[in-house]
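Descriptive structure summary
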Amino acid sequence: MKKKVDVLLGLQWGDEGKGKIVDVLTPKYDVVARFQGGPNAGHTLEFGGKKFVLRSIPSGIFQGEQTNIIGNGVVLDPALFMGEAVELEKAGYNLKKNLFISKKAHLILPTGRILDAAYEAAKGDAKVGTTGKGIGPTYTDKISRNGLRVGDILENFEEKYAQAKARHEQILKNLNYTYDITEMEAKWLEGIAYLKEFRLIDSEQFVNDLMDEGKSVLGEGAQGSMLDIDFGSYPFVTSSNTVCAGACTGLGIAPNRIGDVYGITKAYCTRVGSGPFPTELFDEVGKEMRDRGHEYGAVTGRERRCGWIDLVILKYTIMVNGVTHLILMKSDVLDTFPTIKACVAYKKNGETVDHLPYDISDVEPIYTELKGWQCDLTKITREEDLPKEFVDYIKFLEEQLGVPVKYVSIGPDREQTITRNI
Ligand code: GDP
Ligand code: IMO
Ligand code: MG
């Protein structure tokens, strides 16, 4: 039977725990595919006392012999990819066999990373707070038809690279930005040679053929819907479509072949980088969330901003993604809180709004309060052992959002996941 693609994606500002859950769900699938973003992502997985952070490689690489694909919608930095892949090979994972890379994925150039820094510097206080990985300039080159793709490394690459680099250098000169890429470039060229050892493929044909053979595919989103270039808190967003539709363009899958859509949310909310965050907390409660949740960036180590869950945002991101199942992450972080708050609407210009307005920089959250469970969730293994107050919180979310919560995560380890009987 022809199969559909299930998609798993973040409903907030990223770091919801996508890596962990993709790893948990991988045994149900034959193929795991990344469809957008690049090394701005940091997906953390923990199992058997080990911890891995993946940036470009799909989180399906650890469970067995699944096929993993880096799709055409991804932007790839060969140097960072090499660093990541070599570590995994050392740990015994057979990447050369199980990982396939789209020839149509775009390459992040060393000068692309420099441009990222130069544009940020030029913005001054209005900076986006990017991860500095060259994401924006690389997608800009793609859209303006100046990009270099993985497939380009197979023929006349030196010439193509020299041209693309010269273009960037000219822009940097115009910006009066000084830099030295000698070391970075040497590593990058090493990465290009390393990349050639992998299976570079026409991934859209490959993935559709696999589905026609009855193979099941899980699309792994990066970032979160509030960082989407169209629907996020623009301009404080990333440069790709992080929403479900990105799986179609980023893998070459027709919209009518999208199956289940798993939307992930933390039991609270975080954000890294600049931009509005209506429920952000600047007090002890926010600090406790950060401390208990170890809310520091997996890629940049930056402090993540913390706040209460925002149902106005979740309703919106559920809508644009067509979410069929919710996954509630990091519930254990709220174990100590006597009261849990959830933002159910905003006050804007003196009026109450319950939908996401164009500008959220001047809204004030309106909260509903629920009783906290105040006990340790991390060792619970059965749904029926979850405390009543926590179940009430889940039911409240389901009622407000109109989508069932299928999985509940109560710790970073693969095993600390409860499947709900719904
Ligand atoms: P991703 O980018 O969406 O994959 O998420 P990150 O890996 O950037 O951030 C999620 C962080 O939370 C990681 O450090 C995970 O190990 C951790 N984590 C995931 N699920 C849970 C959970 O249920 N409880 C706790 N305490 N930590 C979790
Ligand atoms: P994962 O996949 C959290 C944020 C950056 C910045 C904005 C633009 O781990 O959830 P970029 O480098 O993409 O141009 O930065 O987006 N950002 C993320 N925040 N998690 C991520 O990925 C992110 N990727 C980008 O902090 O605000
Ligand atoms: Mg992350």
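Above: the structure in question.
Quick look at the structure, then. All residue numbers refer to position in the chain's written sequence, counted from 1. Starting at A for chains and at 1 for ligands, labels are handed out in the order in which the entities are written. The predicted nature of this model means local features are confined to residues of pLDDT at least 70 and side-chain atom pairs, given and counted, to a pLDDT of 80 or more, with totals for whole chains, interfaces and linings taken over all residues. Excluding hydrogens and water, the side-chain values take into account all heavy atoms of the structure.

Some details on the coordination of the magnesium ion (ligand 3)
Around a metal, the ideal angle is 109.5 degrees if four donors adopt a tetrahedral arrangement and 90 or 180 degrees if six donors adopt an octahedral arrangement. Coordinating donors are taken to be N, O and S atoms lying within 2.8 Å of the metal, or within 3.2 Å when the metal is Na, K or Ca; because water is excluded from the atom set, some sites may appear incomplete. Those protein atoms acting as donors to the magnesium ion (ligand 3) are Asp15 (OD) and Gly42 (O), and they sit at 2.1 to 2.2 Å. With a gap of 27 residues between them, aspartate 15 in the loop between β1 (5-10) and α1 (18-25) and glycine 42 in the loop between β2 (31-34) and β3 (43-47) connect regions that are remote in the sequence. Secondary structure counts use DSSP, requiring at least four H or I residues in a row for a helix and at least two E residues in a row for a strand, with both numbered from the N terminus.

Some points on the site of ligand 1
The nearness test applies per residue and asks whether one of its heavy atoms lies within 4 Å of the molecule or strand. The immediate surroundings of ligand 1 are formed by 20 residues, with Gly17, Lys18, Thr44, Asp332 and Ser409 found nearest. Polar contact is defined as a pair of N or O atoms within 3.5 Å, subject to the rule that within protein one atom must be able to donate a hydrogen and the other to accept it, and that residues adjacent in sequence are counted only when both atoms are side-chain atoms. The separation between an oxygen atom of ligand 1 and a polar main-chain atom of glycine 19 is 2.9 Å. Calculation of accessible area relied on Shrake-Rupley with a 1.4 Å probe; when residues are assessed, cover is drawn exclusively from the protein chains displayed. Computed on the free molecule, ligand 1 has an accessible area of 580 Å², of which 93% lies beneath the protein chains in the complex. Those elements giving two or more residues to the shell around ligand 1 turn out to be α1 and β3.

Some thoughts on the site of ligand 2
In the region of ligand 2, 21 residues are neighbours, and Asp15, Lys18, His43, Thr131 and Thr238 sit closest. A distance of 3.2 Å is found between an oxygen atom of ligand 2 and a backbone nitrogen or oxygen belonging to valine 272. A total of 550 Å² of accessible area belongs to ligand 2 in isolation, and the protein chains cover 98% of it. Each residue gets one of three labels, nonpolar for Ala, Val, Leu, Ile, Met, Phe, Trp, Tyr, Cys and Pro, charged for Asp, Glu, Lys and Arg, and polar for the others, Gly among them. Here the shell around ligand 2 is built from residues that sort into 8 nonpolar, 10 polar and 3 charged.

Some thoughts on the packing of aromatic side chains
For Phe, Tyr and Trp, rings pair up if their centres lie within 6.5 Å, where Trp contributes its six-membered ring, and each pair is then called stacked (planes under 30 degrees apart), edge-to-face (over 60) or tilted (otherwise). Under the criterion given, the structure shown has 17 aromatic pairs. Ring centres of tryptophan 373 and tyrosine 393 lie 6.0 Å apart, and the angle between their planes is 35°; this geometry places the pair in the tilted category. Of this pair, tryptophan 373 sits in the loop between β18 (364-371) and α12 (388-401) while tyrosine 393 sits in helix α12, and the two are 20 residues apart along the sequence. Partly exposed residues are those whose accessible area sits between 20% and 50% of the maximum for their type, while under 20% is buried and over 50% is exposed, using a 1.4 Å probe and protein chains only. When its relative accessible area of 5% is taken as the criterion, tryptophan 373 is described as buried. Judged by its relative accessible area of 1%, tyrosine 393 falls in the buried class. These aromatic residues form a ring-pair network of at least three members: Phe47, Phe52, Phe62 and Tyr93. It is lysine 341 that lies over the ring of tyrosine 367; its NZ or CZ is 5.3 Å from the centre. The ring of phenylalanine 47 is capped by arginine 414, whose NZ or CZ atom sits 4.0 Å from the centre of that ring. Lysine and arginine charges are scored as sitting over a ring when NZ or CZ, respectively, is within 6 Å of the ring centre and within 35 degrees of the ring normal.

A look at the packing of helix α6 (residues 157-174) against helix α7 (residues 182-195)
Between α6 and α7, whose axes approach to 13 Å, the crossing angle comes to 145°. Pair α6 / α7 crosses with right-handed handedness. Contact residues: Phe157, Tyr161 and Lys165 in α6; Glu185, Trp188, Leu189 and Ile192 in α7. Here the contact of α6 with α7 is built from residues that sort into 5 nonpolar, no polar and 2 charged. Under this scheme, a helix contributes an axis fitted over its contacting stretch, all axes are lines through C-alpha atoms, and angles between N-to-C directions fall in the 0 to 180 degree range. By the definition used in this description, the sense in which the near helix is turned from the far one sets the handedness, with an anticlockwise turn below a right angle giving left-handed and a clockwise turn giving right-handed. Two residues form a contact once any of their heavy atoms are found within 4.5 Å.

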